[in-house]
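# Descriptive structure summary
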Amino acid sequence: MATLREVKQRINSTKSTSKITSAMHLVSSSKMSRAERNAKKYVPYMAKIQEVVAAIAQGTSNASHPMLVERPVKKSAYLIIASDRGLAGAYNTNVIRTALNGMEKRGQKKEDVVIFAIGRTVADFFKKTGYTVVDAEIGLPDQPAFADIKAIARKAVGMFTDGTYDEIYMCYSHFVSAISSELVEKKLLPITDIAPATSTASYEFEPSGDEILEVLLPQYAESLVYGALLDAKASEHAARMTAMKNATDNAKELIDDLTVLYNRARQAAITQEITEIVGGAAALE
Amino acid sequence: MKTTVVNIVTPDGPVYDSEVSMVSVRTTGGEMGILPGHIPTVAPLEVGVVRLKKDKTTDFVAVSGGFVEIRGDKVSILSPSAEPADSIDLARAKEALQRAEKRLAAKQDKNTDFKRAEAALKRAMNRINVKEGNI
C-alpha cells in the first residue's frame, strides 16, 4: 500500500496540473469566442464575393476559365488546416485522418499528391511520413488576418493555374458549436459548385466578363481558404477548450479517489499506532 | 440630392459604410465615376484610391485591388485590404515603401518575387499618397 507521503505528493501534483488545465480551459474559451466573432465578421465579404461570382458565372454562359473547368486528374493537392500545438484532444489527428481517408478513397498514393500544410502538426506528420509538402504555414496567430495566409493561398491557387496539379482539396474542422465540430473535405479548385445567384440582376461587365473572372476567381479561391482558416481556428479553440475541461474534470475525480485513499491510509496508521501502544502497555502489566 | 449607399468590405470586416452622392474608383480599364442610378456593373479595381463625395466633404479610402459591384442604389467594393485616409499609419506605410524599394533594388532573378515587391511598392505608395492627400 502506498505510503501517506506518496499519496499526499500525488494529490498535490494532480492539483497543480488541474490548476493549469483549468486556466487553459478559460483561455481557450475566451479565444474561441473571439475566433467565432472573427468568423462572423468575415461573412459579409464571403457572401458578397460568392454572389458576384455566381452572377458572373451565370451571366457568361461560356464560362471557360481554367479555374471553372474540370480536367483529368493526374495529381492532386491537399490543403490541410490544423493547429500548431497539441493539447486539443483529437483535433489534429482527426483532420489529418480526414485527409488520409480522402486520398485512400480516391486511390491516390504518396506520389500522386502534394500537401499544403497550415499548422505545425500537419507539416510534421506529412514530412515524416514521406509526402511532398510544398509549403507550410507555421506559427499563425490565434486571430489570423487575411494577410497572414495570403502567400500560401496564392501559391496554392497559382500552382493549380499553371498545371502542377489538377485539383485541390481543403481539409479542416468546421466549427458547429462549442461542443461539436464537423470534419470537412471540400474541393477548392476547380470551382464546380457555385451556388446559383439569388438575385436576378444582370450586370454590365467592365471591361468584360472573362477579364473580371480572371481577377475575381483567384480572389474567390483565396477567400475560401481564409474562411476555412477562420472556421478551423474557432474549431481548434473549441476542441482545446473541451479537452482541457475533460482534463480538469478527470483531475478532480482523481483527487477525490486519492483523498479517499489518503484518509484510509492515515486511519490505518492511527489504528496501528493505537494497537501498538495498547500492546506495549499490556506487556508491561 | 440623390445619394447611393457605399459599402467597402474586406476579409477583416467592413471598413466603410455611408451614403454618398458620387463615387469614383480606378478600375483596370481606367477611372470610373459612379452616380446614383448607375446601371448594374462589375469591374475589377487597380491599387488606388476610392473617392467618396458627400454633400460638402470628400472621403478617401485606399484600396489594394479587388472589385466594385454596382447594383441598384448600392455600391459594394470588395478588396483584400482597404484603409480610410484617417486611419492609415503613415510611418508604417513609409516603412513598407522602404522595404519594397530595397527588395526591388536587390538583384533578383526570380520573377515572382519581383512582381510581389512591385505590388507591395504600389500599395505602399498608394497608402502614402492617400494619407498625404496627393491625389
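Structure first, text after, so check above.
This section reports on the structure supplied with the text. The residue count restarts for each chain, going from 1 along the sequence in the order it is written. Lettering for chains starts from A, numbering for ligands starts from 1, and both go in the order in which the items are written. Reporting of local features is limited, given that this is a predicted model, to residues whose pLDDT is at least 70; pairs of side-chain atoms are given and counted only at 80 or more, and all residues count toward the totals for whole chains, interfaces and linings. The basis for the side-chain values is all heavy atoms of the structure; hydrogens and waters are excluded.

## Things to note about helix α1 (residues 90-105) of chain B
Residues and elements named next belong to chain B.
- Helix and strand assignments come from DSSP, with helices taken as H or I runs of at least 4 residues and strands as E runs of at least 2, each series counted from the N terminus. The span you would expect from a helix comes to 1.5 Å times its residue count less one. The terminal C-alpha atoms of α1 lie 22 Å apart, and with 16 residues this matches the ideal 22 Å at 1.5 Å per residue to within 8%.
- The classification of residues rests on relative accessible area computed with a 1.4 Å probe and restricted to protein chains. Under 20% of the type maximum is buried, over 50% is exposed, and intermediate values are partly exposed. Ala93, Ala96, Leu97 and Ala100 are the residues of α1 that are buried. Considered in projection along α1, the buried side chains sweep an arc of 105° and stay on one side of the axis. Turned more than 90 degrees from where α1 packs its buried face, Ala91, Gln98, Lys102 and Ala105 sit exposed. In this context, the arc is that of the directions from the helix axis out to the C-beta atoms.

## Quick look at the packing of aromatic side chains
Residues and elements named next belong to chain A.
- Aromatic pairing here means that ring centres of Phe, Tyr or Trp (its six-membered ring) are within 6.5 Å. Orientation follows from the plane angle: under 30 degrees is stacked, over 60 is edge-to-face, and everything else is tilted. This structure, assessed with the given rule, holds seven aromatic pairs over all chains.
- Relative to Tyr226, the ring of Tyr42 has its centre 5.0 Å away and its plane inclined at 85°; by these criteria the two rings are edge-to-face. You can see Tyr42 sitting in helix α1 (residues 4-59) and its partner Tyr226 sitting in helix α5 (residues 209-284), a full 184 residues away along the chain. Of the two residues examined, Tyr42 and Tyr226, each falls in the buried class.
- Joined through ring pairs, the aromatic side chains of Tyr42, Tyr45, Phe146 and Tyr226 make up one cluster.
- The ring centre of Tyr262 lies 5.1 Å from the NZ or CZ of Lys8, which sits over that ring.
- Sitting over the face of the ring of Tyr169, Arg106 holds its NZ or CZ atom 3.8 Å from the ring centroid. In our convention, an over-ring charge means Lys NZ or Arg CZ found within 6 Å of a ring centre and within 35 degrees of that ring's normal.

## Considering the interface of chain A and chain B
- Contact residues are listed per partner, giving 25 residues for chain A and 23 residues for chain B.
- Two parts placed together each lose some accessible area under a 1.4 Å probe, and adding up what both lose gives the buried area. Surface buried jointly by chain A and chain B totals about 2100 Å² across both partners, of which 68% is contributed by carbon and sulfur atoms.
- By definition here, a salt bridge exists when the distance from a side-chain nitrogen of Lys or Arg to a carboxyl oxygen of Asp or Glu is within 4 Å. Where chain A meets chain B, there are two salt bridges.
- In this structure, Arg71 of chain B and Glu51 of chain A form a salt bridge, with 2.6 Å as the shortest nitrogen-oxygen distance.
- Nitrogen and oxygen atoms within 3.5 Å of one another constitute a polar contact, given that in protein one can donate a hydrogen and the other can accept it, and given that sequence-neighbouring residues count only through two side-chain atoms. For the interface between chain A and chain B, the tally reads four residue pairs in polar contact (both at pLDDT 80 or more).
- The element contributing the most residues to the side of chain A that touches chain B is α1 of chain A, with nine residues.
- Each residue receives one of three labels: charged for Asp, Glu, Lys and Arg, nonpolar for Ala, Val, Leu, Ile, Met, Phe, Trp, Tyr, Cys and Pro, and polar for the others, Gly being one of them. Taken together, the residues of the side of chain A that touches chain B break down into 16 nonpolar, three polar and six charged.
- Bridge count between strand β6 (residues 204-205) of chain A and strand β5 (residues 41-44) of chain B: two bridges; the pairing is parallel. For Glu204 of chain A, the partnering residue across the bridge sits in β5 of chain B and is Thr41 of chain B. The contact criterion used throughout is that any non-hydrogen atoms of two residues lie within 4.5 Å. Strands were regarded as paired on the criterion that DSSP finds at least two bridges between them.

## Some points on unusual backbone geometry
Residue and element names in this part refer to chain A.
- Of note, the amide linkage connecting Leu189 to Pro190 takes the cis form, showing an omega dihedral of -10°.
- You can see Pro190 is positioned in the loop between β5 (180-189) and β6.
- The phi angle at Leu87 is positive, at roughly 55°, despite the residue not being glycine.

## Topic: the packing of helix α2 (residues 91-105) of chain A against helix α3 (residues 120-128) of chain A
Residue and element names in this part refer to chain A.
- Between N-to-C directions, angles cover 0 to 180 degrees, with each direction set by a line fitted to C-alpha atoms, over the stretch in contact for helices. Two elements in contact, α2 and α3, have axes separated by 10 Å at closest approach and are oriented at 45°. Between α2 and α3, the angle is such that the two are oblique. Crossing geometry of α2 relative to α3 is assigned as right-handed. Here α2 contributes Asn92, Ile96, Ala99, Leu100 and Met103 to the contact with α3, which in turn contributes Thr121, Val122, Phe125 and Phe126.
- Here the residues of the contact of α2 with α3 are counted per class, giving seven nonpolar, two polar and no charged. To sort the angles, those under 35 degrees are grouped as roughly parallel, those over 145 as roughly antiparallel, those from 65 to 115 as roughly perpendicular, and the leftovers as oblique. Here is the rule for handedness: rotate from the far helix to the near one, and if that takes an anticlockwise turn smaller than a right angle the crossing is left-handed, while a clockwise turn gives right-handed.

## Brief notes about the pairing of strand β9 (residues 74-78) of chain B
Residue and element names in this part refer to chain B.
- For β9, a buried count of four out of five residues is recorded, marking the element as mostly surrounded by other parts of the structure.
- Both strand β8 (residues 67-71) and β9 contribute to a ladder of five bridges, which runs antiparallel. Opposite Phe67, over in β9, you have Leu78 as the bridge partner.
- Between β8 and β9, which pair antiparallel and follow one another directly, the connecting turn spans two residues, one of which, Gly72, has a positive phi of 55°.

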